[in-house]
Amino acid sequence: MTQSLLMEILQQRTAATLLRQTNPPEVVSGQVLAFPFLALVGQVEMKTALVLTVINPAVGGVLLIGPRGTGKTTAVRGLVDLMPPVRRSLCPYGCELEAVETWGIDAICPNCAAKLARGEELTGMDRMRLVELPLHARLEDVIGGVNERLAVEQQKIRLERGILAHAHRNLLYIDEVNLLDDMIVDAILDAAAQGRVTVRRGPLAATYPAELMLVGSMNPEEGKLRPQIQDRFGLRVVVGGLDDSNERLEIYRRVRAFRENPHQLLATFLQDTVTFGQEIIKARELLPNVDLLPEAECLGLQMVRELGIPSHRAEITMLEAARAYAAADGRRATTASDVAVVAPMALRQRRSKFIREYWEMSQVEEQEIKAAWHSVVTAGT
Ligand SMILES: [Zn+2]
């Protein structure tokens, strides 16, 4: 069986061979241009983590940690051309049938209520999007608020969705996630935990679905990330600069090629990008039928135990990422070696010195309480 392009890239085929094999097809113009994901040199773990989270949202997103200028944002934005189709609302307010089933007909806008009455669909297939959360976003931009234009021009008060609701079933990218305001972080954590976001303004309230795939990036020199949000990201990748001078030179050449003629570089990678995107769709379709072999589960749990990691997200993420990896390879059985590939990404930076010491202290105290109880009881008899 010939290996899929998806697997070859996840297993580090050099970019140079890719370049030689592609013949420039036609150029699609009129799009916002992102540096092609497949033109990124090296950084296999980062690429793998991003692709696995697109294949299986249950992986719980990716945190990219590293200094500036190592291609983190470029990689995330490059995913745009590889995004699979997802079912989403056709309405600017994000109305969906599930909302009616859960909260009643008032949960959708009058337009959609009328559509529903006529027996029309509220949702359609559309490509998954990349929604970026700007660092200086206000809380109302994030969770939603009153439509200011309608309020000023027509004196109508109407709630509208914020960034979190727009990110429903999309990829939400937060650059410099460690520098976000605490209130914004809390709103994101709430939405990520509940899969929805509620906006309240005086007597008005609205709830929007917000199933998020979080991708964050941060430079650890510029500040720590709160442990709550750190635990929220399924996979974490430490992104450093490349050591190989030839690879670094290749990066320079491609960056220059993109700056001078972006369409030419995109064209070079277009055919592979299309193929890669189709393979992601195939992997997503296969995923519900992909199971874990007992040896794979066993290895995963042993690793978590060995490292003394308290968060259950560690094994959930690791096993879901391993299933996505097997799906990417077109297999229905997830093996121990699939788990081994994804384990570092799922397990790193999950151990906490504080929690370990706290746990040890509580066990000592537990023993002391038992001993005290024993001596009081024996003294009393
Ligand atoms: Zn609507």
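As the structure is a prediction and not an experimental result, all values here were calculated from the model. (Residues numbered from 1 in each chain as written. Predicted model: local features only at pLDDT ≥ 70, side-chain atom pairs only at ≥ 80, totals over all residues. Heavy atoms only, no water.)

Novice: Now, about the overall build of the chain: what can you tell me, with residues and values included?
Specialist: Of regular secondary structure, the chain possesses 17 helices and 13 strands. When its C-alpha atoms are laid out on the principal axes, the chain stretches across 90 × 60 × 40 Å. Out of the 381 residues in the chain, the part that is buried amounts to 43%. The contacts in the chain between residues at least 6 apart in sequence include a share of 78% that link residues at least 24 apart. Element-wise, carbon and sulfur atoms account for 53% of the exposed surface of the chain, whose accessible area totals about 20,400 Å². (Helix = DSSP H or I, 4+ residues; strand = E, 2+ residues; numbered from the N terminus. Buried < 20%, exposed > 50% of the residue type's maximum accessible area, 1.4 Å probe, protein only. Contact = heavy atoms within 4.5 Å. Areas by Shrake-Rupley, 256 points an atom, 1.4 Å probe, with all protein chains shown as cover.)

Novice: Would you mind going over the coordination of the zinc ion in detail, with residue names and values included?
Specialist: Put simply, the ideal angle at a metal is 109.5 degrees for four donors in tetrahedral geometry and 90 or 180 degrees for six donors in octahedral geometry. Looking at the zinc ion, the protein donor atoms are Cys-91 (SG), Cys-95 (SG), Cys-109 (SG) and Cys-112 (SG), and they sit 2.3 Å from it. The site at the zinc ion holds 4 donor atoms, and with the angles between them running 105 to 112°, its shape is tetrahedral. Look at where the donors of the zinc ion fall in the sequence and you get C-x3-C-x13-C-x2-C. (Donors = N, O, S within 2.8 Å, 3.2 Å for Na, K, Ca; no water. Tetrahedral: all angles 85-135°; square planar, octahedral: opposite > 155°, others 65-115°.)

Novice: Please set out the pattern of salt bridges residue by residue, giving values where relevant.
Specialist: Taken as a whole and assessed by the stated rule, the structure comprises 20 salt bridges. A salt bridge links Arg-169 to Glu-96, with the nearest nitrogen and oxygen atoms 3.7 Å apart. Remark: Glu-96 occurs in the loop between β2 (85-89) and α5 (97-103) and Arg-169 occurs in the loop between α9 (163-166) and β7 (171-175); sequence separation between them is 73 residues. A salt bridge links Asp-126 to Arg-129, with the shortest nitrogen-to-oxygen separation between them at 2.5 Å. In this structure Asp-126 comes out as partly exposed when scored by relative accessible area, which is 26%. The exposure class assigned to Arg-129 is partly exposed, which follows from its relative accessible area of 43%. Shared partners join several salt bridges into a network, and the residues in it are Arg-68, Glu-176 and Glu-222. (Salt bridge = Lys/Arg side-chain N within 4 Å of Asp/Glu carboxyl O.)

Novice: Before we move on, can you summarise the packing of helix α3 (residues 44-55) against helix α13 (residues 262-286) with the specific residues and values?
Specialist: Contact geometry of α3 with α13 gives a least axis separation of 9 Å together with a crossing angle of 50°. The angle between the axes of α3 and α13 places the two elements in the oblique class. Across from Val-51, Val-54 and Ile-55 in α3, the residues of α13 making contact are Phe-276, Ile-280, Ala-283 and Arg-284. Split by residue class, the contact of α3 with α13 holds 6 nonpolar, no polar and 1 charged. (Axes fitted to C-alpha atoms, helices over the stretch in contact; angles between N-to-C directions. Parallel < 35°, antiparallel > 145°, perpendicular 65-115°, else oblique. Nonpolar A, V, L, I, M, F, W, Y, C, P; charged D, E, K, R; others polar.)

Novice: Tell me what's going on with the sheet that holds strand β10 (residues 213-218), and back it up with residues and numbers.
Specialist: Taken together, 5 strands build an open sheet; the order of strands is β4-β7-β10-β1-β11 and the sheet is parallel. Edge strands, defined here as strands with exactly one partner in the open sheet, are β4 (130-132) and β11 (235-238). Sheet twist, expressed as the mean angle between neighbouring strand axes with direction ignored, is 20°. As paired strands, strand β1 (residues 62-65) and β11 are joined by 4 bridges and run parallel to one another. Bridging across to β11, Leu-64 finds its partner in Val-237. (Pairing = 2+ DSSP bridges.)

Novice: So what about helix α12 (residues 245-260)? Which residues, and what values?
Specialist: Taking 1.5 Å as the rise per residue, α12 with 16 residues should run 22 Å; its terminal C-alpha atoms sit 22 Å apart, in good agreement. For α12, the full list of buried residues reads Glu-250, Arg-254 and Phe-258. Buried residues in α12, looked at end-on, bunch into an arc of 70°, giving them a common side. α12 presents Ser-245, Arg-259 and Glu-260 as exposed residues on the side facing more than 90 degrees away from its buried surface. Where α12 begins, the capping side chain belongs to Asp-244, and its oxygen is found 2.7 Å from the backbone nitrogen of Asn-246. (Expected span 1.5 Å × (residues − 1). Arc of directions from axis to C-beta. Polar contact = N/O pair within 3.5 Å; in protein donor to acceptor, adjacent residues only side chain to side chain.)

Novice: An account of the pairing of β10 is requested, with residue identities and associated values reported.
Specialist: Summarising burial for β10: 6 of the 6 residues are buried, a large majority. Every second residue of β10 is oriented toward a common face, with Met-213, Val-215 and Ser-217 on one face and Leu-214, Gly-216 and Met-218 on the other, all of them buried. The pairing of β1 with β10 spans 4 bridges and is classified as parallel. Paired with Leu-63 across the strands is Gly-216, a residue of β10. Two strands pair when backbone bridges link them, and β7 and β10 are joined in this way by 5 bridges, in the parallel orientation. Bridge pairing links Tyr-173 to Val-215 in β10.

Interpretation in functional terms is not warranted from these geometric data alone.
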